[in-house]
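Here is what each chain is made of, one letter per residue.
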Amino acid sequence: MRSGSATDHIMGFSHMTTLIINATIVTLDSRGAVIANGEIAIHENTIAAIGERGELQPRFAQAEVVDANGKIALPGFANTHTHFQLLIAKGIYEDLSPPHRPPFKGGLAPIPTPDLTPEETRIICQAAAIEAIRSGTTAVLEDGMSIETYADVLADSGLRYLICERVWDRANAQIGDPGPFEQDRSLGQNTMQKAADLHTRWHGAADGRIEVGLAAWAPDMCSPDLLRQLRKLQDDLSCTATIHLNQIWGEVAAIQSHRNLLPTEYLDDVGFLSDRLVCAHCRCMDPREERLLGQCECHVAFNSAIAARRGLSPRIADLERYGCNIGMGSDNMSEDMVEVVRTGVFMERIRREDGCNPTPEDALRWATVNGYRSLGIARGGWLAPGNKADLILVNTHSAHMVPMLRPASCFVHQGQPSDVNSVMVDGRWVMRDRTILTLNEAEILGEAQAVAERAWTRLFKAQPGLPVPPGLMPGLQSAATS
Ligand SMILES: [Zn+2]
C-alpha cells in the first residue's frame, strides 16, 4: 500500500475543523430533510454535526467559518461509470454510434481513438478530473487500461476513486462483434495480473481515498473461464467489480451466437452476478434479464447522457422495481454529472410518458446516495453526522437559478456546472470559490487541447482512409484529407 503522504502537502490540503454556516442544506437523508440557513461542522474527514442557524457555532468556536449565504449544500456526485482517458474522444464520438440492427461489425465507432503517450494520457486524465470537479463530482469509478500510468494523477486530483483495471481474453475483435470468439489465454492472464498488481499497489492509498476493484470489459470480450477466475479473484480481494452489460445490440447478437444465451443470462450462468457488481448501461435487455439483475441485487450505472446520444434508453423504473440499485455515470467524452442527472430525468420521463416521475430528488439520490453504495463506500453520499465529508456548495445567485424556491428541483432542472462553487472531498477543499486547489487548471486545459489536436492529427495522417467527421476544425480537417 502507498502512503498518502505524497498528496498531503498539496496546496490547500490540511486537516482541520470547518464550519459551514447560512447554507440551504439538502441532506438527501432517508427523511429528505432540507434545512434553511443551516450549519455543517466538519472535523478531519467526517461530518461532525448538522444543525439549524446558530446551533453549532458555540460548539465549534475554533473552526474555520465558511459563509454559504445564497448557496445550497449537497452531497457530491458519484460518477459510477467513466473512462478518464476517453476525454480524448470529446468532439469526435458524440455523433458516431454503432447500428441498432444487423449487420453488426463490432466497435463503438468507425474511427479508433488515437494512441497516446503516457504523458499525454496523464494530461487528458487531469483535464477529465477538472471537468469532474467543476460539475460537483466527489467520487469516481474509473474503468481503464494501464491505470498504473495515471493512478498518481488521480490521487493528486483530490477526488475519491474506485479504480478498476480492465480484464479480457478475446483476441482480434471489438465489443459487439458476432464473429467467432478467439480466446487468447495469455491476454486474459496478463490483464488479470495487471488488475491484481494495481490492487496490491494502490488499494487504500491517499488516506483511503483510492480503492481498487476489478473490471471485466464486457460479456462478449470475456470467456466463461476468465469470468469464473475473475469472480474468484473478486472474492479473494473482497472488492467491487464492474462490467459493460447489454450496452449495444451487437453485443446481444454476439452472446447469442457464442453462448446461445442473452448477456445477463450468460453472466448468471458463470456466477458473475452479485450485489458487488456494477453493471454499466443495461440498455439492450430483455425483461427476464432485468429481473435476473434485480434478483441478484446488482448495481446499475445509468449513463443517461451517452445513452441519449446513442439513441438507446434503459428501463430504469423496471430495473429499480426488480431490486437493482441505480447509480449514474457519464461514460465517454464528458465528466459532466449535472448534465447526466438532468438528462436522466428527461429520458425517464419521456420513456415512462410521465411528466412527474422520476422526481428531482429521485435523480439526485441515484447520483449521490446510490452511487456511493454502488462503489461500496459506506457512510457517504448523503449529509449526516458520522458520514464522510464529501459535499458541494452550489451558488443560486444567477439568472437561471432565480427564483430558487425548491432547492433540489432548482439545481436538477436549472443548474449548470458553473454554479458549483466549492467541492469538499474527505474533509478537504478540492475547489473553493470556483478555484481548483489541486490542479493547475489553466495550464492543463491548454495542454489538453494541444494533446488532442496533435493526437488526432497523428491518427488521421497514419490512417488516411478513415471517415472524417463533419464539422472538424479546419486545421485538423486539412491534416485528415491531405
Ligand atoms: Zn464505458
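As the structure is a prediction and not an experimental result, all values here were calculated from the model. (Residues numbered from 1 in each chain as written. Predicted model: local features only at pLDDT ≥ 70, side-chain atom pairs only at ≥ 80, totals over all residues.)

Visitor: Could you give me a rundown of the environment of Gly311, with the residues and numbers involved?
Guide: Summarising the element assignment, Gly311 is placed in the loop between helix 9 (304-310) and helix 10 (316-322). Residue classification places Gly311 among the exposed positions, given that 9 C-beta atoms sit within 10 Å. (Helix = DSSP H or I, 4+ residues; strand = E, 2+ residues; numbered from the N terminus. Buried ≥ 20, exposed ≤ 12 C-beta atoms within 10 Å, placed from the backbone.)

Visitor: Got a sec to walk through the nonpolar core? Specific residues and values, please.
Guide: Side chains that are nonpolar tend, in soluble globular proteins, to be buried together. Counting 147 residues, the largest nonpolar core has Ala73, Ile163 and Cys279 as the members making the most contacts within it. Ranked by the residues each element gives to this core, the list is headed by helix 2 (residues 118-134), at 9 residues. The residues contacting Cys279, other than those within four sequence positions of it, are Ile243, Leu245, Leu293, Cys298, His299, Val300 and Ala301. (Core = buried A, V, L, I, M, F, W, Y, C linked by C-beta atoms within 7 Å. Contact = placed C-beta atoms within 7 Å.)

Visitor: Can you break down the domain arrangement of the chain residue by residue, with the values?
Guide: On domain assignment, one finds that the chain holds domain 1 (5-75 + 384-436) and domain 2 (77-374). Between domain 1 and domain 2, the residue contacts involve 22 residues of the former and 27 residues of the latter. Mapped by element, the contributors of at least two residues to the side of domain 1 that touches domain 2 are helix 14 (407-414), strand 15 (420-425) and strand 16 (428-432). With 4 residues, the top contributor of residues to the side of domain 1 that touches domain 2 is helix 14. (Domains from an automatic or database assignment.)

Visitor: So what's going on with the packing of helix 12 (residues 360-367) against helix 14? Residues and values would help.
Guide: Contact geometry of helix 12 with helix 14 gives a least axis separation of 9 Å together with a crossing angle of 75 degrees. Regarding the angle of helix 12 to helix 14, the classification is roughly perpendicular. Contact residues: helix 12 offers Pro360, Glu361, Ala363 and Leu364, while helix 14 offers Ala408, Ser409, Val412 and His413. Split by residue class, the contact of helix 12 with helix 14 holds 5 nonpolar, 2 polar and 1 charged. (Axes fitted to C-alpha atoms, helices over the stretch in contact; angles between N-to-C directions. Parallel < 35°, antiparallel > 145°, perpendicular 65-115°, else oblique. Nonpolar A, V, L, I, M, F, W, Y, C, P; charged D, E, K, R; others polar.)

Visitor: Please give an account of the confidence of the model for the chain that cites residues and values.
Guide: Mean pLDDT over the chain: 95, with 97% of residues reaching 70 or higher. Confidence over residues 1-14 falls short of pLDDT 50; this stretch has 19 contacts with residues more than four positions distant or in other chains. (pLDDT = per-residue confidence, 0-100.)

Visitor: How would you sum up the packing of helix 4 (residues 185-202) against helix 5 (residues 224-237)? Please name residues and give values.
Guide: Contact geometry of helix 4 with helix 5 gives a least axis separation of 11 Å together with a crossing angle of 15 degrees. Between helix 4 and helix 5, the angle falls in the class roughly parallel. Crossing of helix 4 over helix 5 shows right-handed handedness. Contacts between helix 4 and helix 5 involve Gly188, Met192, Ala196 and His199 on the former and, on the latter, Leu226, Gln229, Leu230, Leu233 and Leu237. (Left-handed = near helix turned anticlockwise from the far one by under 90°.)

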